[in-house]
Structure formats: structure tokens, C-alpha cells
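# Architecture at a glance
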Amino acid sequence: MEELLADNTKFKLVDNDPTLTNEDQLIRLLSRLKKENFITEVEYKVAKPSGSRLARLYGLPKLHEENCPLRPVMSAIKTVNYGLGKMLTSRLSHLRQSQYVIKDSSDFVTKLKNTKNVDKLMISFDVVSLFTNVPLTFTIDYILNQLYPVCSTNCLQLSKTTSKTHFSFNDKIYVQHDGVAMGAPLAPIIADISMAYLETTLMDELISLGVCEWHRYVDDTFVFINPNANVNDILSVLNGFHPSMKFTHKVEKDNELEFLEVKVIRIPERHTFETTIYRKPTFTGLMTNWNSYVPIEYKKSSITSMMDRALRICSTYQLLSTEFNEIRKIAKLNDYPTSMVDTLIGIKFSKYRNKQQQSNEPTTNNSNDNRQIIYVEIPYVEKITSELKKRTQHLVSKLRTDLNIKFFSKPPSNTNTYFQTKDPITKHMLSDVVYSVKCKDCGQLYIGKTERQCIRRLHEHGAPKTTFNIQQHVNHELDDSELRRSARLKNKAITTTTKTTTTTTTTTTATIDLDQEQTSSIKKHIIETGHNMDWSNFNVVCQ
């Protein structure tokens, strides 16, 4: 990860956390865009940030690749641009549409059945680390040209807002000024739009070089080309689209080529393709073990999901039988009872055959169950959970015959939750919390709650700007109605709770007109008593 972040063309190390300043600037920009009717009220509410924090970068190992390189993933929830990304995603969705995109492996298999290019050469192209190498400014310019050919100042400001992402890794703060990271709300659509732009721009030239058919899933493409076409010429055109986007390729071998989770096999004698399941060489066969402490439904679904995939992809019964045997081996490796696996395969295959036989018959809904369905989550505690289900069902059948209760069990937390994979959020930047501040002199305790960052609320209470050693300018020259208080506080009575170090608790309630300049209860306490609050040691009681 450190090696990746050392790339100065995409990342830059910064000294200060700009979250508060960026949040203020974005709110002012969105407020103005709303007043100018550039965005709607609904879009404004979706995009407006509150209680923002830095994104956090972490790495997931690519186990299927040599030396297991890390895939950078960004935890972008509650970041300044998170809501803006969601809003822009809905506006930009039409730009990602392309006639060459496939939805999933099932869609790919369907297109193979209908292809007329069985005698053509199969080849796949893949963009090297697409998300990291997306030409961001280049793609944003294309988007603006499509949406607003005569771009206004508003467009330029929005593009500037979305073109940089600040994040933390290993207790350092970086800014990503090119490319996008997995986890950011705009990342998938920006990647799709850049690839769609490539296809629109280059497809005529690619066809002239021998491309006959082109299918793409994100950055992976499956292509049919003329047998006499020069692959290097096609690769050169693709790599010439933008300096940051580089393609690799793989040509079919022995009439076979893998794409996604599908192995495509050409059968020259029958002039057709067969398809079956493809597993990467690094596949270990590990899955949810039979002895794992999870509900039985989880274990069954581990088997049935593999069977569903086999039924969708395997094109012949012989290939399907081979795949079922592979599923049996995987299940045995993970201690599943052979009899149970055989039963599940039999049930699933019988349903599949019945569905095929009835596919030409009109479907009728014979269900007379008009009961209201209610889903209930219960914790998984082996036999106790099963007994609770039975008793609840019995009780409902007696008292509420109009209800149909569907239970699903929640297993204990995964072991991954006990390992820190991301940088922790600093206490003063936490939001949506209940917090407490103690008086150093008399021991009284103030308890409050805030939807914004703790640092903002404590500054309003009177905490010095230097308390948390934040080396950035927090702009207070903002519209009070937009920034200083959340909607739930407007025109409401402010309730503050003060309790002493003894067992006596005192509650003071005061109604304050928030449209007038007022001090908080902590400020009043400081003014009336001259005491000092222990700002730096405030506690987060609940979040």
C-alpha cells in the first residue's frame, strides 16, 4: 500500500485534515446551486454533508494473483462527497449505458448462444487497475461536455469538488487527485463512463482492425476477432486511448478461453460453443465449514448457490454432471455430509427439470395464502433458536392467523470484526454521538448529543480553537440556518442535563430562540461560575 501511495501522479501527502473546511465549502456551494435551481430540493438534501469525516483506505489481498498484491479499497461512508456522489450517480447513470455491456455471467452465456462468430478468434482484454488509473479529469470533462455543452461556473465548481478525495492510511492524510478508489460512490459509474467513452471513440477503428464482436463487464472484455487480425495493432489502439489506461490481453488456447466465471469451449465439429464453470488456479475450495457456528440455512445455501450457478452456466448435461461432482468434492473438503449434499442436488435438479418442462405452459398463481408476511430476525443460539421459532410460530397460529412469520437467524460477529483494518476515527471528528464534558472545578457533567462532528459542537459550547490541535481554518462566516444547527434543533426547546459527582442528578430545561445569539448551557456555567471545562478529555458516551 505504501508503494502504491508513493505514486505522486495520483496521490499526495498533506499535513492537515481539510474535512471541516471542505464540508463548509460544499454546503455553501449546494445552497447556492439550489437557489439558482441548478439542483432540486431532493438533490440538495441527498448531497448536503453533515458530520463528515475522512475516508479511510485499506487493502484486500488479491489471492488469485502472484505475490497476492493488495487491492486498494476506500471506506467512504460519511465523507464530505459521499452524498454528492450518490446524487450525481442518479444524474449520470444514462452515460454509463452501452450496447457492449453484459449484466453478469448468465447474460454472457445467453449472448454466446446467439453469436454467429463461432469461427472467429477468441481474445480477452483487461485494464490494469482500472479504478486507480481512471483518467479522472479526462472523464469529468467528457461528462460535462455531454451534459452541459456550454459549461457554466456551477459545472466547473462541481467537477472541482468531485475530482479530489482526502483519506487516511497508517495515520497519514493523503489526497487522491487522479483515479478513483473502490468504495467511493462515484467510482463504479466513473469507471463505466470512461470505458463507454473508450468504446464510443475507438469502436470504428477497432472494427476496421478485425474486431467482430465485443462484450464488456466493467473493465474485462471478451472479443471475437478475425483469425488473420493483428492482435498487437488492436492492443496498440486501446493503449493509445489515454496514457494512464493500459490493457493486457489473453488469446484462446486449444479452443478454450476463460471470462469471468465461465470457461468457453469451442466445438468445431458442431460449430457451436459449450460453457462450464471456471475456477482460478488459486481456488482453494474453502467455504463455510459444516462445523461452523452458523445457522443450517447458511450451510445449505453455500451448496445450493454453487448448484444454481452450475445450472445457469453449464451448457450440457455432461458438463453439469462433472460440475456436480466437483461440488461434492468441495463439500467433502469442508466436512459436509455426502447424503445431505446428494439430497440437495437431487431436489435442485428436479426443480430445474420441472421448470424447463413447464416453461411453455402459462403460469398460474395457485397460492391462496393471503396472510401478511412479517420477517423477524433472531440471534442464532443453536437449539434455543430452533425452539424459539417453534414456540413463536405456535403462538402466532393461535392468536394471529392473519400473519405469516418468516424467521432468519443472525450468527455471531465474524472474526474479522475483531481486527483493525482501517485507521480509527479521531474522537473529536466522530458524529451522531452522545457526548459528555466534565467541569474541572466542580465536577458537574454536561451530557449532549450531536449529529455533527464533536469538534463543531464543542466549539459552539466555548472550547478554544486550539484544544484539539487542528491545524486548519474552520470558516464560521456561514449562513447560520445552513451550518450551525441541524434541523432537529431549530425552534425546539434545548434540554441539558447536569449531574454532580454525588448521587444527586439535576435537570435544567430552558427554551431558547435559536434565531437569536445565545450561549449554550456550558457557556452559561462558565460565565456564572468562572470554572473551566475539561474539553480535551470529553467522552463519547454512545455512538
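Reference entry: report on the structure contained in this document. Every value quoted in this text rests on a predicted model; they were computed, and no experiment measured them. (Residues numbered from 1 in each chain as written. Predicted model: local features only at pLDDT ≥ 70, side-chain atom pairs only at ≥ 80, totals over all residues. Heavy atoms only, no water.)

## Details of the nonpolar core
Quick reminder of the rule: Within this scheme, the nonpolar core is defined by two criteria: the residues are buried Ala, Val, Leu, Ile, Met, Phe, Trp, Tyr or Cys, and they are joined through side-chain atoms within 4.5 Å. Buried means the residue's accessible area, taken with a 1.4 Å probe over protein chains only, is under 20% of the maximum for its type, while exposed means over 50%, and partly exposed covers the values in between. Secondary structure elements are taken from DSSP: a helix is a run of H or I of four residues or more, a strand is a run of E of two residues or more, and numbering for both begins at the N terminus. Note on contacts: a residue pair qualifies if any of its non-hydrogen atoms lie within 4.5 Å across the two residues.
The biggest cluster of nonpolar side chains holds 52 residues, and the ones touching the most others in it are Leu-206 and Leu-238. In terms of residue count, the dominant contributor to this core is helix H9 (residues 187-208) (10 residues). Among all residues touching Leu-206, those that are not within four sequence positions of it are Val-211, Trp-214, Ile-234, Val-237 and Leu-238.

## Considerations on the sheet that holds strand E3 (residues 70-75)
To be explicit about the condition: By this definition, two strands are paired if DSSP reports at least two bridges between them. Inter-axis angles, ranging from 0 to 180 degrees, are taken between N-to-C directions of lines fitted to C-alpha atoms, where helices are fitted over the stretch in contact.
One open sheet holds the five strands; their spatial order is E1-E6-E5-E2-E3, and the pairing between them is mixed. Here the strands that pair on one side only, and so sit at the sheet edges, are strand E1 (11-14) and E3. Strand-to-strand, the axes of this sheet are offset by a mean angle of 40°, without reference to chain direction. The sheet contact formed by strand E2 (residues 55-61) and strand E5 (residues 165-169) spans two bridges and is parallel. Counted as the bridge partner of Arg-56 is Ser-168 from E5.

## Thoughts on the environment of Val-128
In this fold, Val-128 is placed in the loop between strand E4 (121-127) and helix H6 (130-133). On the basis of relative accessibility, which here comes to 37%, the residue Val-128 falls in the partly exposed class. Val-128 sits 118 residues away from Lys-246 along the chain, and the two C-alpha atoms are 5.7 Å apart.

## Some words on helix H12 (residues 317-333)
Quick reminder: α-helices carry 3.6 residues per turn. Residues three or four places apart thus point the same way. Where we set the bar: Any helix carries an expected span of 1.5 Å times its number of residues minus one. Taken from the helix axis, the directions to the C-beta atoms give the arc we talk about.
In this model H12 runs 24 Å from its N-terminal to its C-terminal C-alpha over 17 residues, within 8% of the 24 Å that 1.5 Å per residue would give. Listed as buried for H12 are Leu-319, Leu-320, Glu-323, Phe-324, Ile-327, Ile-330 and Ala-331. Take H12 and look down its axis: the buried residues cluster within an arc of 140°, on one side only. The outward face of H12, more than 90 degrees from its buried face, is lined by the exposed residues Gln-318, Thr-322, Lys-329 and Lys-332. Looking at the buried positions of H12, the neighbouring elements they touch are strand E12 (272-277), helix H11 (296-313) and helix H13 (338-357). Just beyond H12, the residue with positive phi is Asp-335, at close to 70°.

## Comments concerning a nonpolar patch on the surface
Operational definition: Like charges within 9 Å and nonpolar side chains (Val, Leu, Ile, Met, Phe, Trp, Tyr) within 5 Å are joined into patches, using only residues over 30% in relative accessible area that form no salt bridge. Each accessible area is a Shrake-Rupley estimate made with a 1.4 Å probe; only the visible protein chains count as cover when residues are assessed. Any Lys or Arg side-chain nitrogen located within 4 Å of an Asp or Glu carboxyl oxygen qualifies as a salt bridge.
Together, Tyr-293, Val-381 and Ile-384 give the surface a local cluster of nonpolar side chains, amounting to about 280 Å² of exposed area. Within the element layout of this structure, Ile-384 appears in helix H14 (residues 383-399).

## Concerning the packing of H9 against helix H10 (residues 231-239)
How we decide: Our angle categories are set so that under 35 degrees counts as roughly parallel, over 145 as roughly antiparallel, 65 to 115 as roughly perpendicular, and the remainder as oblique. Definitions for this section: a left-handed crossing has its near helix turned counterclockwise from the far helix by less than a right angle. A right-handed crossing has that turn clockwise. Throughout this entry, Asp, Glu, Lys and Arg are counted as charged residues, while Ala, Val, Leu, Ile, Met, Phe, Trp, Tyr, Cys and Pro are counted as nonpolar. The remaining residues, Gly among them, count as polar.
Between H9 and H10, the shortest axis-to-axis distance is 10 Å and the interhelical angle comes to 150°. Of the possible angle classes, the one that applies to H9 and H10 is roughly antiparallel. Two packed elements cross with a definite hand, and for H9 against H10 that hand is right-handed. Residues Leu-198, Leu-202, Glu-205 and Leu-206 of H9 pack against Ile-234, Val-237 and Leu-238 of H10. Residue composition of the contact of H9 with H10, by class: six nonpolar, no polar and one charged.

So yeah, pure geometry; function would need other evidence.
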